[in-house]
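Report on the structure
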Protein chains: 2
Amino acid sequence: MSAPAGKAFVRFGPNAIPLKQMFLISKLSFAFVNLKPVRPGHVLIATRRDVARFNDLTSEEVSDLLVQGQRVSKVIERVYKASSLTLAIQDGAAAGQTVPHVHLHVIPRHMGDFASNDDIYSKLEGADNRVATSHVDNEERTPRSAEDMAAEAELLRKEIGDWNEAEVV
Amino acid sequence: MSAPAGKAFVRFGPNAIPLKQMFLISKLSFAFVNLKPVRPGHVLIATRRDVARFNDLTSEEVSDLLVQGQRVSKVIERVYKASSLTLAIQDGAAAGQTVPHVHLHVIPRHMGDFASNDDIYSKLEGADNRVATSHVDNEERTPRSAEDMAAEAELLRKEIGDWNEAEVV
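Residues numbered from 1 in each chain as written. Chains lettered and ligands numbered in written order. Predicted model: local features only at pLDDT ≥ 70, side-chain atom pairs only at ≥ 80, totals over all residues. Heavy atoms only, no water.

This part takes up the overall build of chain A. Each helix and strand counted, chain A has four helices and seven strands in total. If you list the helices and strands of chain A from N to C, you get β-β-β-β-β-α-β-β-α-α-α. Per-residue burial for chain A yields a buried fraction of 58% across its 169 residues. Across chain A, every contact between residues at least 6 apart in sequence was considered, and the portion connecting residues at least 24 apart equals 64%. (Helix = DSSP H or I, 4+ residues; strand = E, 2+ residues; numbered from the N terminus. Buried < 20%, exposed > 50% of the residue type's maximum accessible area, 1.4 Å probe, protein only. Contact = heavy atoms within 4.5 Å.)

Next up on the list: the sheet that holds strand β4 (residues 29-33) of chain B. Reading across from one edge, β3(A)-β4(A)-β5(A)-β7(A)-β6(A)-β6(B)-β7(B)-β5(B)-β4(B)-β3(B) is the order of the ten strands in this open sheet, with antiparallel pairing throughout. With one partner strand each, in any of the chains shown, β3 (22-25) of chain A together with β3 (22-25) of chain B form the two edges of the open sheet. Averaged over all neighbouring strand pairs, the angle between strand axes comes to 20°, with direction disregarded. Pairing analysis gives five bridges linking strand β4 (residues 29-33) of chain A to strand β5 (residues 43-47) of chain A, with the strands arranged antiparallel. (Pairing = 2+ DSSP bridges. Axes fitted to C-alpha atoms, helices over the stretch in contact; angles between N-to-C directions.)

In this structure, A:Phe23, A:Val72, B:Phe23 and B:Val72 are the most contacted members of the largest nonpolar core, which totals 56 residues. Filtering out sequence-adjacent residues up to four positions away, B:Phe23 remains in contact with B:Ala31, B:Phe32, B:Val33, B:Val43, B:Val72, B:Ala153, B:Leu156, B:Arg157, B:Ile160 and B:Trp163. (Core = buried A, V, L, I, M, F, W, Y, C linked by side-chain atoms within 4.5 Å.)

Under the counting rule described, the total for this entry stands at four aromatic pairs over all chains. Seen in terms of ring centroids, A:Phe12 and A:Phe32 are 5.0 Å apart; in terms of plane orientation they differ by 65°. Their pairing is edge-to-face. With A:Phe12 in strand β1 (residues 9-12) and A:Phe32 in strand β4, the pair connects residues that are 20 residues apart, well separated along the chain. Each member of the pair, A:Phe12 as well as A:Phe32, carries the same accessibility label: buried. Between B:Phe30 and B:Phe32, the aromatic rings sit 5.2 Å apart at their centres with planes inclined by 20°, giving stacked as the arrangement. For B:Phe32, a relative accessible area of 0% gives the class buried. Ring pairs connect the aromatic residues A:Phe12, A:Phe30 and A:Phe32, which therefore count as one cluster. Taking NZ or CZ as reference, B:Arg157 lies 4.8 Å from the ring centre of B:Trp163, over its face. (Phe/Tyr/Trp six-rings, centres within 6.5 Å; stacked < 30°, edge-to-face > 60°. Lys NZ or Arg CZ within 6 Å of the ring centre and 35° of its normal.)

Given below as structure tokens:
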């Protein structure tokens, strides 16, 4: 396989997200599929800049993260035939953040998808951690294959419609 | 008491939020204190336009909601001496939304504030409902007095620093 244009990875805290797991990239944000989604279609949007806390972002970064997040949420709701969405930023360790790099969770929701609405959040607690931890929730979920992740990213990339790998520089 | 300039209330779904419970108002968003906060300092930021779903917002509304939300979150983290923040939009009934008017929850977090991080979300489920419902969480929490709410709003208004009642038209 030929090397992609620009860099092959984007930093997400201590992790490197390969381009083939990404489906949106803007000047200030990028979106990617999840190794251990709490529900099918649970994706993440992060800032390009590797910064831990929401309050460290510039207004431009805040706007872009959420405006791109809205583009993503429209596609996720449609593709996964959801009726609702959970949008959440776990901002800091005491709020359940495990990767110290600002990111928005977008999770498609359906009536009755969890016995209680709040069950999704116990799943979410370890959801953004790609590194093995002691989180029970994280440990309990089986990581997906690279092929599954690439296939989902490719689908979402087509739905979003303006993927530009050259942005990854 | 003399009537405030402009309207005395801002619509929040079926509810009317009195000015004295608000502490920030911009062209497109407003922030107000909570009748039944899940933690001290749990506040809400809503769009001025009474619209139910995040995906119905214009890009300008998304940006303003979150940029104002960041202003609020900085003040909340400082005033409530928090180390983290939970930022969440319950977007649609299947995601736990009870007031069909887009709003962001900002909740100050401290290590150990809940036995498990996800416990906050079971509290959150009924948190935005000012109307009596069958939600156990909502029913269990005792509403605060109008005086408490006004005092908190006044404190936060001073911290935010640019309250302009004339914006409420």
